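Below, each chain spelled out in residue letters.
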Amino acid sequence: MALVRKRWFFISGLLIAGGLGSVAASPADVAVHPALWPDSPAAQLATPAVEARVDALLASMPLEQKVGQMIQGDISTITPQDLHDYPLGSVLAGGNSGPGGDDRAPPAAWLAMADAYYTAAMDVAPGRTPIPLLFGVDAVHGHNNIIGATLFPHNVGLGATRDPELLHRIAEATAKEVAVTGLDWSFAPTLAVVRDDRWGRSYESYSEEPEVVRSYAAAVVSGLQGDYGTAGFMGPGRTLASAKHFLGDGGTDGGHDQGNNLASEAELIRLHNAGYPPALEAGVLTVMASFSSWQGQKLSGSEPLITQVLKQRMGFQGLVVSDWNAHSQIPGCTKDSCAAVFNAGVDMVMAADCWKGLYTHTLAQARSGQIPAARIDDAVRRILRVKLLAGLFEKPRPSQRPLAGDYAELGSPAHRALAREAARRSLVLLKNNGGLLPLQRKARVLVAGTAADDIGRQTGGWTISWQGTGNGRQDFPGATSIWQGIRELVEHAGGSAELSADGHYTHKPDAAIVVFGEEPYAEFQGDLETLEYQAGDKRDLALLRRLKRQGIPVVSIFLSGRPLWVNPEINASRAFVAAWLPGSEGAAIADLIFRAPAGRAAPDFSGKLPFSWPRSAAQTLLNRGDAGYAPLFAYGYGLSYRDHGSLRRLSEDPGVAAPTAANLGIYFRKGRTLAPWALYARDSQGAAALDAATLASPGRVLQVRAVDGAAQEDARSISWSGGGDASIYVQGKAVDLRRQANGDMVLSLRYRVDRAPSAPVRLRLSCGEGCGASLDAGSLFGDAAGGAWRTAHIKLSCFAAAGADLSQVERPFEIQTDGRFGLSFTELKLDSNPGDGSCPGS
């Protein structure tokens, strides 16, 4: 194992100017100075022997095949048979994709699918050279798409361990489990340096501190790929790595996913580029360009950063791949056509669901010279170079490779032991007043909280499904919940443990262990407005306070993908543990919070905060070294059992206005309903709350699926079969919207008609049983052109005029019809009237 442990020093005397809050220049004004960037000793991937083979391959390839190599499609939209007509260079299994559309397919189905794509790619038409396919997957905390795989702690927790060697072992184990299913390419590691924890991908980052990210980069790359320059590089049980997301994705303004990073060039180098030089030196074969922008220019379209800096100045000789349909966000581009992304230096475009149209247009642009022949050849050269270095031309079909089909390797005892070790070392003890921990093993303990026996909650996003939602106990064979780990330890020692999610018990316990925290999310779905936990709905706090009033010492185990403002919850707890998202081995928590058996060394906490912990919910920019740095718990904080003393009572003022904390009028955004609201489907057989597992009304008159609007799966497509009366609606606790109606606010719906209605459509607002109003929505949906996105603004006052009581609105939105109808929507909210608010049907 050859871990790169050197520090990276940049230009001596480099002036650090500007700031994350500075005003962005227009894209045309942005200047990049490659000479200021590190002249990295990147691995020399372009060896004479490899380049000779690349030259021969390039000479044999027609333009149609070259263009195909530059495009990657998702398995949800491309079949193996498609490869006969469209010679794509790569496929991926995105977050919700799986064999035959089943993201919960068994491992054998994944291996058979890999074989099918490989066979199709190698069965080429006359005049084409057989070129093996690259198959990519987001194996970001283990082989997390696969039922039964080991699920390691997410990166935020691994950042608390401060141990590159541990990260190297985790990457090695992950690569082996990926090899079992015959896949080639892991989209990891994430090298983001997060500056605003509201970002929904914060848990994919190791730390706010660039030095931690820098120290981990080479360890993970070499763990996945093997040590570059040795016989083990890309050998059996290895997978390609992808350093991502280049560049600055962790520093977007406001923590908005796919947003704009306003940092100066010096800050971009010092903070956000920290992990890339060591990753390049370790021989990383691929780099993924970011969705986000720097100073207003999309990274996927930034020729200065991708070509001049990454490839030329820093010497990267592998391939650059874009993110999911990110090319469509470049000015002047669409999903189907984007010469700019290739001309910027992206070699392979992740055209997840638009690969066919992009192939056609890119081929035309190559023929016309809009994409120069030299750029085409450079991109294909890099792709072929990577495939040769990965040994794909020598490897047989996936099922015949070492470890393929060795399903005992998935979730093996050795890998689970490693995941348990990692989870144990990631835990950070924030409070331990009176030395409550460690608990006696023979104690009578109550285990409470909705997350105590929920493996989906402790594994978080990017687990089986993209968002990590819709998972049940059956999806985690061999895994251990936090409750199971506690029960096994306590009962084995002669104590007793009782599980009660709501905290009610049959016998008063010696202590209560309450496990609670964030619901799973991924990417923009997890973006926050403030850092307050459960703003406006303090369910978990109520449980903690009730147990405290009963005189029961409370140990809180907080599951989260980032630091959050939890001062009231900390006050209600005698001990408080930041457990992050610990993965499939929940017994790690019991390992630390109970005393060791007699004669054994006592376990202890060693985790240290990788991110600063906020004093108020308004401290969204809180990083070591910032001006006015005043966290509640500083970066690097973490108690052990050797520490004594008590934490004083904390302020319970969140520092944000109540209207900011409550959600009266954002119902659906970025692919999900926002609490306290939920989405339901109703027909004659009843109503059902919709989630990843329930995608239809009880009688299946109405069907729902996730689709892409402006971003990946940020919209819902609703299809009425015409088999009877059915509706889709949003419902929650009753709210008073009279002031909003008086202020001329509107219900704003961003929608697209996919199929014209065959019967009248009604738009309803309900205020309880027998209370509400409906409007004729024919003018909205009956006349809308199919396929075009548009926004409707319906005045709240329309419903009041039709008889609704706006003082107790429980169902602010419902669309009902008994005919056939197809509708997609991507955003539903209350908004200020932009001037075109109206009453449909009037």
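Here the structure is a predicted model, which means the values were calculated and not measured. (Residues numbered from 1 in each chain as written. Predicted model: local features only at pLDDT ≥ 70, side-chain atom pairs only at ≥ 80, totals over all residues. Heavy atoms only, no water.)

On a plain count of helices and strands, the protein comes out with 22 helices and 30 strands. The C-alpha atoms of the protein give a radius of gyration of 27 Å, which matches the 28 Å a tight globule of 842 residues would have. When the backbone C-alpha atoms are referred to their principal axes, the protein occupies close to 80 × 75 × 55 Å. Evaluated residue by residue, the protein yields a buried proportion of 61% over its 842 residues. Put simply, 79% of the contacts in the protein that link residues at least 6 apart link residues at least 24 apart. (Helix = DSSP H or I, 4+ residues; strand = E, 2+ residues; numbered from the N terminus. Rg over C-alpha atoms; globule rule 2.2 N^0.38 Å. Buried < 20%, exposed > 50% of the residue type's maximum accessible area, 1.4 Å probe, protein only. Contact = heavy atoms within 4.5 Å.)

Applying the stated criterion across every chain yields a total of 25 aromatic pairs. Ring centres of W720 and F821 lie 5.1 Å apart, and the angle between their planes is 25°; on these two criteria the pair is classed as stacked. With W720 in strand β23 (residues 715–721) and F821 in strand β30 (residues 820–831), the pair connects residues that are 101 residues apart, well separated along the chain. Just as W720 is buried, F821 falls in that class too. By the ring-pair criterion, three or more aromatic residues cluster together here, those being F516, Y533, F558, F576, W580 and W613. The residue whose ring lies beneath R811 is Y729, and the NZ or CZ to ring-centre distance is 3.6 Å. (Phe/Tyr/Trp six-rings, centres within 6.5 Å; stacked < 30°, edge-to-face > 60°. Lys NZ or Arg CZ within 6 Å of the ring centre and 35° of its normal.)

Per the stated rule, a full pass over the model turns up three disulfides. Residue pairing for C333: its cysteine sulfur links by disulfide to C338, the two sulfurs lying 2.1 Å apart. Since a negative S-S torsion denotes a left-handed disulfide, the C333-C338 link at about 65° is right-handed. Comparing C333 with C338 shows no difference in burial state: the two are buried. (Disulfide = S-S within 2.5 Å.)

Okay, helix α7 (residues 265–272) next. The buried fraction of α7 is high, at seven of eight residues. Along α7, the residues classified as buried are E265, A266, E267, L268, I269, L271 and H272.

Pairing between side chains becomes possible if they bear opposite charge and their charged atoms approach one another. Under the defined criterion, the tally for this structure stands at 48 salt bridges. When the shortest N-O distance is used, the salt bridge between D184 and R401 registers 2.9 Å. Pair noted here: D184 is in the loop between α5 (164–180) and β4 (185–186) and R401 is in the loop between α12 (373–389) and α13 (413–426), with a separation of 217 residues, a long-range link. Accessibility classification places D184 together with R401 in one group, the buried group. One salt bridge connects R416 with E585, and the closest N-O pair in it is separated by 2.6 Å. Of this pair, R416 sits in helix α13 while E585 sits in the loop between β17 (575–580) and α18 (587–593), and the two are 169 residues apart along the sequence. For E585, a relative accessible area of 6% translates into the label buried. (Salt bridge = Lys/Arg side-chain N within 4 Å of Asp/Glu carboxyl O.)

Turning our attention to the sheet that holds strand β7 (residues 286–289). Strand order in the open sheet made by the three strands is β5-β7-β10, with parallel pairing throughout. Looking along the sheet, the strands with just one partner apiece sit at the ends: β5 (242–246) and β10 (319–321). Neighbouring strand axes in the sheet, compared pairwise and without regard to direction, differ in orientation by 25° on average. On the sheet, helix α9 (residues 303–313) packs against β5, β7 and β10 and is oriented at approximately 140° with respect to β5. (Pairing = 2+ DSSP bridges. Axes fitted to C-alpha atoms, helices over the stretch in contact; angles between N-to-C directions.)

The next subject is the side chain of N571. Within the fold, N571 resides in helix α17 (residues 567–571). A distance of 2.9 Å separates a polar atom in the side chain of N571 from a polar atom in the side chain of E652. Discounting chain neighbours no more than four positions away, the residues touching N571 are K431, K548, R648, R649, L650 and E652. (Polar contact = N/O pair within 3.5 Å; in protein donor to acceptor, adjacent residues only side chain to side chain.)

Okay, the sheet that holds strand β3 (residues 134–137) next. Spatially, β4-β3-β2-β1-β11 is the arrangement adopted by the five strands of the open sheet, whose pairing is parallel. Since the sheet does not close on itself, it has two edges, and those belong to β4 and β11 (349–350), each with one partner. Both β3 and β4 contribute to a ladder of two bridges, which runs parallel. In the strand pairing of β4, V137 is matched with S186.

So, about the packing of α5 against α13. Pairs of packed helices are described in terms of their axes, by the angle between the two and the distance that separates them. Between α5 and α13, whose axes approach to 11 Å, the crossing angle comes to 145°. Along this stretch, α5 crosses α13, giving a crossing that reads as left-handed. Judged by residue contacts, L166, R169, I170, A173, K176 and E177 of α5 engage H415, L418, E421, A422 and R425 from α13. In the contact of α5 with α13, the residues fall into five nonpolar, one polar and five charged. (Left-handed = near helix turned anticlockwise from the far one by under 90°. Nonpolar A, V, L, I, M, F, W, Y, C, P; charged D, E, K, R; others polar.)

Time to look at the pairing of strand β21 (residues 686–689). In this structure, strand β20 (residues 678–683) lies alongside β21, joined through four bridges in antiparallel fashion. Note that in β21 the partner of A681 across the bridge is A688. The antiparallel hairpin formed by β20 and β21 contains two residues in its connecting segment.

What follows is about the environment of P210. Looking at the secondary structure, you find P210 in helix α6 (residues 210–225). For the pair P210 and D540, spaced 330 residues apart in sequence, the C-alpha to C-alpha distance is 34 Å. Excluding anything up to four places from it in sequence, P210 contacts V193, R270, L271 and A274.

Turning our attention to the nonpolar core. Inside soluble globular proteins, nonpolar side chains tend to come together where they are buried. By size, the foremost hydrophobic cluster in this structure holds 128 residues, and its most contacted members are W37, Y117 and L305. Look past the residues within four positions of L305 in its chain and what remains in contact with it is V32, W37, F246, L268, W294, L299 and L310. Of all hydrophobic cores here, the second largest spans 44 residues; its members include V761, A773, L806 and I815. (Core = buried A, V, L, I, M, F, W, Y, C linked by side-chain atoms within 4.5 Å.)

Considering every residue of the protein, the mean pLDDT works out to 92; 95% of them sit at 70 or more. This model gives residues 1–26 a pLDDT under 50, and the stretch forms 56 contacts once residues within four places in sequence are excluded. (pLDDT = per-residue confidence, 0-100.)

Moving on, we get to the environment of Q685. Here Q685 lies in the loop between β20 and β21. Remark: the alpha-carbon pair of Q685 and D626, spanning 59 residues in sequence, is separated by 58 Å. When neighbours within four sequence positions are excluded, Q685 is seen to be in contact with P698 and G699.

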